Amino acid sequence: MSKLFYPKLAATNIKKNYQTYVPYILTSIGTVMMYYILKTISLDDGLNSMSGGDSLKTILAMGSFVIGLFSLIFLFYTNSFLIKRRKKEFGLFNILGMEKKHISRVMFFETVYVSFISIILGLLGGIVLSKLMYMLLLKLLKFEVPMGYAISFTAVYKTLILFAGIFLLTFINNLRQIHLTKPIELLKGGQVGEKEPKTKWLLTLIGLAALAGGYIIAITTESPIAALYMFLIAVILVIIGTYCLFTAGSIALLKLLKKNKKYYYKTKHFITVSGMMYRMKQNAVGLANICILSTAVLVMLSTTVSLYIGMEDVLRTRYTRNLLITSTDITEEYRKGVKDTASSILEQHGAEAENIMEYRYLGFGAMRKGDSFVTGDDIRNSVSSDIKMLYFIPLEDYNAMNNTSYTLDNNEIFLIVNGETYTHETFTIFDTPLHIREHHNTLVEGLSDMGDVVNSFYVITKDLGQIEEMYRQQLGTSDESVSYYRYIYGFDINTEDKETIQISQDISSALENSYVESAAGSKEGFFSLYGGLFFLGIFLGGLFIMATVLIIYYKQISEGYDDKSRFEIMQKVGMSRSEIKKSIGSQVLTVFFLPIVTAAIHIAFAFKVITKLLALLGLTNVVLFAWCTLGTLLVFAVFYAIIYVMTAKVYYKIVR
């Protein structure tokens, strides 16, 4: 036998099975390309000199890790489909005299061809497009694009190692399947699972419980801090619930419909229920994968788009004035020095302070128990929704901020609550009950953003002496690092960003014991973080969409081959061609759009908890996120429908 026999046979096999191999190779090329591009950008030394470059490189490095892990899982999944479709072919080779070791050689050369084409073309595409993607990233971040072009050989090496390893593992897994399967089983490989599926009530109940648990966590989590920990648990439960309900719950529902004789024994319902039962057994895992991927795409794109679009809102939430001076020295003398210094420097720059904000406050966390608030080091790392942020502000400063002339007696307070309802008449702190004279609703600027992370209580006290006494008591229960005793002085100035940054630096140099910050000075850092997340969201969204398309395409091919024989049987038992086509078409349409409908339900339940997580990143514009989510869902639905139309043509071509 010629030494070139096996390489030629492998090449012929790939050509004959082009309908399944070409999409797989294109997807492999795409994943190699995307991994190389992200890895190259994450290793670029030019990011080190940019504001927020370290955070950006960390985000991109995490993204490349996610792509690598996803590539491993996804290529394994799609390769298993290829082998399933070709088991009959390998079984025929075996029956005709080829031993399994010979089939293994053919599979080896097929793997070599596919991996070589995928890795080489993927790397070439990545090298060509990496600079373009780098320029796009810098454009999103509003940074200057540097000249020059270089190939990252470190990224090339890591890409080669990763994907060579993935293709090697898929080859080993294919060998395992071929060598452990009998020839007669190989011949029937494409028709495995033709029997009517059994009802798995336990799995159905687990799915319902897991999905309900995930939904309950999502809609009941109030604290953004708690949401950070609970969101992952909710995601895991929803994923488990989705797989269980697609694989077992759908069968259970169809079996219940089948038991209803009045419903089932009608021509239309009989064919639809029977056909759907068969389809769900064959495609449940694939449909669940499509649902999870669709949900991931919708969440990533909606959140990253809203963060990027709402960056100005985030900046204004974080910096309520163009320039903020925060000091730990709250004495009258120091406060006067801060204002005089700021006024002098503004005069040098020809600028004038507007919309001035000035106050002193004491802030610390406490555990709420009814009308009592308990402090201590043990609550520092707690994620309980009972943790509240307390801010104590002297009446003198509150009146000055709001141009009012309120008065208070001893142990009387005004109370402002952000994020919840407080119905008690007293507010007890350090075992001292304070009588609530009035509830106010005007939040204190500069502190109100914390109310979007942890529910906050703003306590207006009679004078500063009462606050100083609370500070001493607070230090007796916790160390100084958990208390904030500060003086805030902020104002707006009508200057360009560059001059605003210079004014901020001049004031910072002139003052001691103060921290000076400006929205203009932090803008680049915000762009690095949110622009990087937006870029990564687009990248991972594109990868997941590509995976979704491939799974849908393979599902349509699989159903096409299965329905071809069913189509013929139905004709033989007396059904017209139009009736059969209509019945199968309605089943395909139902199964096809089930994942995106389920993904939309997942997003609806997750909306609240995602807004809590966005609050941790400074985005409190819920309306903006709602519009971004709705827009993303509509665009994805249109894209999904286009995929259906394109893949349905392949399906009907096979059936006919």
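Anything mentioned here points back to the structure above.
Residues numbered from 1 in each chain as written. Predicted model: local features only at pLDDT ≥ 70, side-chain atom pairs only at ≥ 80, totals over all residues. Heavy atoms only, no water.

J.: Even after reading the chapter, I still don't get the overall build of the chain, so can you show me in this structure?
T.: Broken down by element type, the chain carries 18 helices and 10 strands. Looking at the chain residue by residue over its 656 residues, the buried ones come to 51%. Excluding contacts between residues fewer than 6 apart, the proportion of contacts in the chain whose partners are at least 24 apart in sequence is 82%. For the chain, the exposed surface amounts to about 31,500 Å²; the carbon and sulfur share of it is 62%. (Helix = DSSP H or I, 4+ residues; strand = E, 2+ residues; numbered from the N terminus. Buried < 20%, exposed > 50% of the residue type's maximum accessible area, 1.4 Å probe, protein only. Contact = heavy atoms within 4.5 Å. Areas by Shrake-Rupley, 256 points an atom, 1.4 Å probe, with all protein chains shown as cover.)

J.: What am I meant to see in the environment of D313 here?
T.: Examined against the element boundaries, D313 turns out to sit in helix 11 (residues 311-318). Overall, D313 belongs to the partly exposed group, its relative accessible area being 36%. Separated by 307 residues in the primary sequence, D313 and T620 place their C-alpha atoms 8.0 Å from one another.

J.: Is there a simple way to explain helix 15 (residues 497-510) in this structure?
T.: In an α-helix, one full turn covers 3.6 residues, which means residues spaced three or four apart are oriented alike. Between its first and last C-alpha, helix 15 extends 20 Å over 14 residues, near the 20 Å set by a 1.5 Å rise per residue. Burial in helix 15 covers these residues: T500, I503, S504 and I507. Down the axis of helix 15, the smallest arc covering the buried residues is 100 degrees, so these residues share one side. Exposed and facing more than 90 degrees away from the buried side of helix 15 are K498 and S509. (Expected span 1.5 Å × (residues − 1). Arc of directions from axis to C-beta.)

J.: Which parts of the structure should I look at to understand the environment of Y77?
T.: Along the polypeptide, Y77 turns up in helix 3 (residues 53-95). A C-alpha to C-alpha distance of 9.1 Å links Y77 and I551, two positions 474 residues apart in sequence. In this view, Y77 contacts V285, G286, N289 and I551; residues no more than four positions away in its chain are not counted.

J.: Help me understand the environment of H102 in this model?
T.: As for its placement among the helices and strands, H102 is situated in helix 4 (residues 100-141). Using a relative accessible area of 18% as the deciding quantity, one classes H102 as buried. Separated by 96 residues in the primary sequence, H102 and Y6 have C-alpha atoms spaced 8.1 Å apart.

J.: Even after reading the chapter, I still don't get the pairing of strand 1 (residues 323-327), so can you show me in this structure?
T.: Working note: regular strand, side chains alternate between the two faces of the sheet. Of all 5 residues that make up strand 1, 5 are buried, and the element is covered over most of its length. Side chains L323, I325 and S327 of strand 1 all project onto a buried face; the interleaved residues L324 and T326 project onto the opposite face, where all are buried too. Note that strand 1 and strand 9 (residues 484-492) share 5 bridges and pair antiparallel. If you follow L324 over to strand 9, its bridge partner there is G490. (Pairing = 2+ DSSP bridges.)

J.: Explanation requested: empty space enclosed by the protein in the structure shown.
T.: To find leftover empty space, one rolls a probe the size of a water molecule over the atoms. Taken as a whole and judged by the stated rule, the model has 2 cavities of 30 Å³ or more. The volume enclosed by the largest cavity comes to roughly 130 Å³. Every element with two or more residues in the lining of the largest cavity is listed here: helix 2 (18-42), helix 3, helix 4 and helix 5 (153-180). In terms of residue class, the lining of the largest cavity is made up of 7 nonpolar, 4 polar and 2 charged. (1 Å grid on protein atoms, 1.4 Å probe; cavity = no way out; pocket = protein on both sides within 12 Å on 5 of 7 lines; lining within 4 Å. Points joined across faces, edges and corners; volume = space filled by probe spheres on them. Nonpolar A, V, L, I, M, F, W, Y, C, P; charged D, E, K, R; others polar.)

J.: I'm lost on the layout of surface pockets in this one. Help?
T.: As a volume, the largest pocket reaches approximately 1,700 Å³. Lining of the largest pocket is provided by 47 residues; of these, F231, V235, A296, V299 and M300 occupy positions nearest its centre. Broken down by secondary-structure element, the contributors of at least two residues to the lining of the largest pocket are helix 3, helix 7 (201-220), helix 8 (224-259), helix 10 (267-309), helix 16 (519-572) and helix 17 (577-616). The residue makeup of the lining of the largest pocket, split by class, is 39 nonpolar, 8 polar and no charged.

J.: I keep staring at the nonpolar core and nothing clicks. Help me out?
T.: The nonpolar side chains of a soluble globular protein tend to be buried, and buried together. Within the largest apolar cluster, 69 residues are counted, with the highest numbers of intra-cluster contacts made by I67, F163 and Y554. Of all the secondary structure elements, the ones that give two or more residues to this core are helix 2, helix 3, helix 4, helix 5, helix 10, helix 16, helix 17 and helix 18 (622-655). When residues in this core are grouped by element, the largest group, 14 residues, is from helix 16. Not counting residues up to four positions away in its chain, the partners in contact with F163 are T31, V32, Y35, S71, L75 and I119. Listed in part, the 39 residues of the second largest apolar core include L362, F427, I503 and V516. (Core = buried A, V, L, I, M, F, W, Y, C linked by side-chain atoms within 4.5 Å.)

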